[in-house]
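Report on the structure
Each chain, letter by letter, is given below.
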Amino acid sequence: MAIVEQLEPTADGRRRLELRSPATRERVGEIEVSTADDVAAALATARAAQPGWAARPISERAAIIRNAVSVLLKRRDEIVETVMQETGKPRVEALAVEMVPACDFLNYWSGRAPKDLADENRRLHGYMLPLKKLVINYQPLGVVGVITPWNGPFILSLNPIAQALLAGNSVVLKPSEVTPHSGEWAVKVLHEAGVPKDVLQIVHGDGETGAALVNGDIDKISFTGSVGTGKKIAAACATRLIPCTLELGGKDAMIVCADADLDRASLGAVYLSMFNTGQVCVGVERIYVVESIADEFIEQVRKRAAEVTYGVGKDVGPLFWDRQLEIVEKHVEDARSKGATILLGGESDTAEGVFFKPTVVVDVTHDMDLMQQETFGPIVAIMRVRDEEEAVRMANDCQYGLSGSVFTKDKAKVVRLAKQLKTGSVVQNDASVIYGVAEAPFGGRKDSGMGQVNGRDALRSFVHPQPVLLDRWGLKKENIWYPYSEATAATLEKTIGTLFGNKFLRRLVR
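Residues numbered from 1 in each chain as written. Predicted model: local features only at pLDDT ≥ 70, side-chain atom pairs only at ≥ 80, totals over all residues. Heavy atoms only, no water.

1. Remarks on the overall build of the protein
Basically, it comes down to this: To qualify as a helix, a DSSP run of H or I must reach at least 4 residues; to qualify as a strand, a run of E must reach at least 2; elements of each kind are numbered from the N terminus. Our radius of gyration is a C-alpha quantity, and the globule rule it is checked against amounts to 2.2 Å times the number of residues to the power 0.38. For the exposure calls, accessible area comes from a 1.4 Å probe over protein chains only, and a residue counts as buried if that area is under 20% of its type's maximum, exposed if over 50%, partly exposed in between. Here, two residues are considered to be in contact whenever any of their heavy atoms come within 4.5 Å of each other. Reported accessibility uses the Shrake-Rupley method at a 1.4 Å probe radius. Residues are deemed covered only where the shown protein chains occlude them.
Counting secondary structure elements, the protein contains 14 helices and 23 strands. Compactness check: the protein gives a C-alpha radius of gyration of 26 Å against a globular reference of 24 Å for 510 residues, within 12% of the reference. In terms of principal-axis extent, the alpha carbons of the protein reach across some 90 × 65 × 40 Å. Burial analysis of the protein (510 residues in total) assigns 53% to the buried set. For the protein, long-range pairs separated by at least 24 residues make up 70% of all intrachain contacts whose partners lie at least 6 apart in sequence. Carbon and sulfur atoms form 53% of the exposed surface of the protein, whose accessible area is close to 22300 Å².

2. What about the confidence of the model for the protein?
The condition is simple: For every residue, the pLDDT score states the predictor's confidence, bounded by 0 at the bottom and 100 at the top.
Predicted confidence across the protein gives a mean pLDDT of 96, with 100% of residues reaching 70 or more. Per-element confidence in the protein is highest for strand β7 (residues 170–174), whose mean pLDDT is 99, and lowest for helix α14 (residues 503–508), whose mean pLDDT is 86.

3. A closer look at the pattern of salt bridges
Between side chains of opposite charge, pairing is possible as soon as their charged atoms come close. Inclusion rule: Salt bridges are defined as contacts in which a side-chain nitrogen from Lys or Arg sits within 4 Å of a carboxyl oxygen from Asp or Glu.
The final tally for this structure, using the stated rule, is 38 salt bridges. The partner of E18 in a salt bridge is R27, with the nearest N and O atoms 3.0 Å apart. Taking relative accessible area as the criterion, E18 reaches 15% and is therefore assigned buried. With a shortest N-O distance of 3.1 Å, E120 and R122 are connected by a salt bridge. Under the relative-accessibility criterion, E120 is labelled partly exposed at 23%. Linked through salt bridges whose partners overlap, the residues forming this network are D259, E388, E389, K413 and R416.

4. Remarks on the layout of surface pockets
The condition is simple: In this analysis a 1.4 Å probe is tested at points of a 1 Å grid over the protein atoms alone, and where it fits but cannot get out there is a cavity; an open set with protein on both sides within 12 Å along at least five of seven lines is a pocket; lining residues have an atom within 4 Å of a point. Grid points are joined across faces, edges and corners, and a volume is the space filled by probe spheres set on the points.
Computed from the structure, the largest pocket encloses a volume of approximately 920 Å³. W150, F223, G225, S226 and T229 are the residues nearest the centre of the largest pocket, which is lined by 36 residues in total. For the lining of the largest pocket, the secondary-structure elements that each account for two or more residues are α6 (207–214), β9 (220–224), α7 (227–240) and α10 (322–337). Looking at which element gives the most residues to the lining of the largest pocket, the answer is α7, with 5 residues.

5. Comments concerning the packing of helix α1 (residues 36–55) against α6
Going by this rule: Note on geometry: axes are C-alpha line fits, over the in-contact stretch for helices, and angles between N-to-C directions span 0 to 180 degrees. Geometric relationships in this document are graded by angle, where less than 35 degrees denotes roughly parallel, more than 145 denotes roughly antiparallel, 65 to 115 denotes roughly perpendicular, and other angles denote oblique. Crossing handedness is defined as follows: a turn of the near helix away from the far one that is anticlockwise and smaller than a right angle gives a left-handed crossing, while the clockwise case is right-handed. For this classification, Asp, Glu, Lys and Arg are treated as charged, while Ala, Val, Leu, Ile, Met, Phe, Trp, Tyr, Cys and Pro are nonpolar and the rest, including Gly, are polar.
One can describe the packing of α1 onto α6 by two numbers: an axis separation of 9 Å at closest approach and a directional angle of 40°. On the basis of the axis angle, α1 is oblique to α6. Like other packed secondary-structure pairs, α1 and α6 cross with a definite hand, here right-handed. Contacts between α1 and α6 involve A36, V39 and L43 from the first element and T209, A212 and L213 from the second. Of the residues contributing to the contact of α1 with α6, the split by class is 5 nonpolar, 1 polar and no charged.

6. Some remarks on the sheet that holds strand β1 (residues 3–7)
Basically, it comes down to this: Between any two strands, pairing holds if DSSP finds at least two bridges.
The 3 strands are arranged β1-β2-β3 in an open sheet whose pairing can be described as antiparallel. This sheet does not close on itself; its edge strands, each paired only once, are β1 and β3 (27–32). Strand-to-strand twist of the sheet, defined as the mean angle between neighbouring strand axes without regard to direction, takes the value 25°. Pairing geometry for β1 and strand β2 (residues 16–20), over 5 bridges, is antiparallel. Within β2, the position partnered with V4 by the bridge is L19.

7. Quick word on a positive patch on the surface
Note the cut-off: Put simply, a patch holds well-exposed residues, over 30% relative accessible area, that have no salt bridge, with like charges counted together within 9 Å and Val, Leu, Ile, Met, Phe, Trp or Tyr side chains within 5 Å. In summary, the charge assignment counts Lys and Arg as positive and Asp and Glu as negative, without counting His or the chain termini. For the purpose of locating charges, the reference atoms are NZ of Lys, CZ of Arg, CG of Asp and CD of Glu.
Side chains of K503, R506, R507 and R510 sit close together on the surface and give a patch of like positive charge. Among the structural elements, R506 can be located in helix α14. Taking the relative accessible area as the measure of exposure, R506 reaches 36% and is therefore partly exposed.

See below:
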């Protein structure tokens, strides 16, 4: 993300932030910080606009979101250029991380919405079946606040916004102050596709603006970002009994089994630890390799990592935020001081931008920050383990639990180990791609978050499922209503005995 610096306020006292590229330190723009009053005004506008948007047929909302795919294709170069300016990431990563899933998600969710959000007739069981009918209608929550980070500034804004809009909500977006224009493109694309401007709005700023949004007249918060901020948002939402979805940090483990394809495993170890400059919540941050193949695996990783280039337009770009550099340096130095071996890299390069050299670290242990805290840098950290059982135990020895990966040729083994891993998801012979699988529920355990995005119930996480129980026969009086009599009790006794006293009938009425 861009380097952010305070500028002189405007004539009317509004705060201003300047943005400079982390790759070249050149100026790439500025923003005015939205005040608490600005946020309140946006929320009031969203509140007024939401009923009209929700009243549109689901098919109409879906057609608008689907039209955004065409807008994306038309605006692709502009969006990619903005992302590259603010983050410094290579064009390949801007396309792969931001654009490909953006097109896919918009196309997928707009296709799912008419099915997932339509009124649903749900069959009743047992003694209620002949008496009542159940209809579930999915009511929009109202106004949704979306707060997004800097590592995937466009896609991590667009995906939750599209889901919330399809569900009939109005949305106010607060993108990261260090990639504001990349996040803003999500709003521009959807406006151009046909979403009314008062239904989807943007406010800019830092934590002060985000706090105003969280504490404003809101019905749900969708947040992607740090654990500390996520916990504050959870607490704020809890006091008002409103839902929140929190996609927080990760320290994902990669387990390399004895039967792994070492060519793929070594390539994956380097790429999945370093792409997007290692700044991916589901990137690989810890690798546990079985002792019997450790030497060969480490040597292959070293060779492949040595071929990775860094710099402007190279394989590995800069750290997107200058403040992240201090964390990466601290973690590597802590590992070095506690006995780790730096096979490659291990130092920053700030001559022109905010770069950290592609790095391979071995002989790591769990008393090192590098194996416990989220590093978010281009670091391959490898630890030898006795066997797969020890690998699972070490992988679980962490406050995070977002995702994980198992490199093996044995699919049954992946499933067996996955059931032992305390993570939100597990991937065989790959890792970060899991977020791009729209059908897969995506969310973490432990400090990695709460709730899920994507998956079968993604759109329904932005609605309230309201059950409506209908009368089948239009009877004037139910048997249990007043006045009570001996016959009433006798009828209930007979119902209990008949339906639940017989094992065969018990099965029939489930």
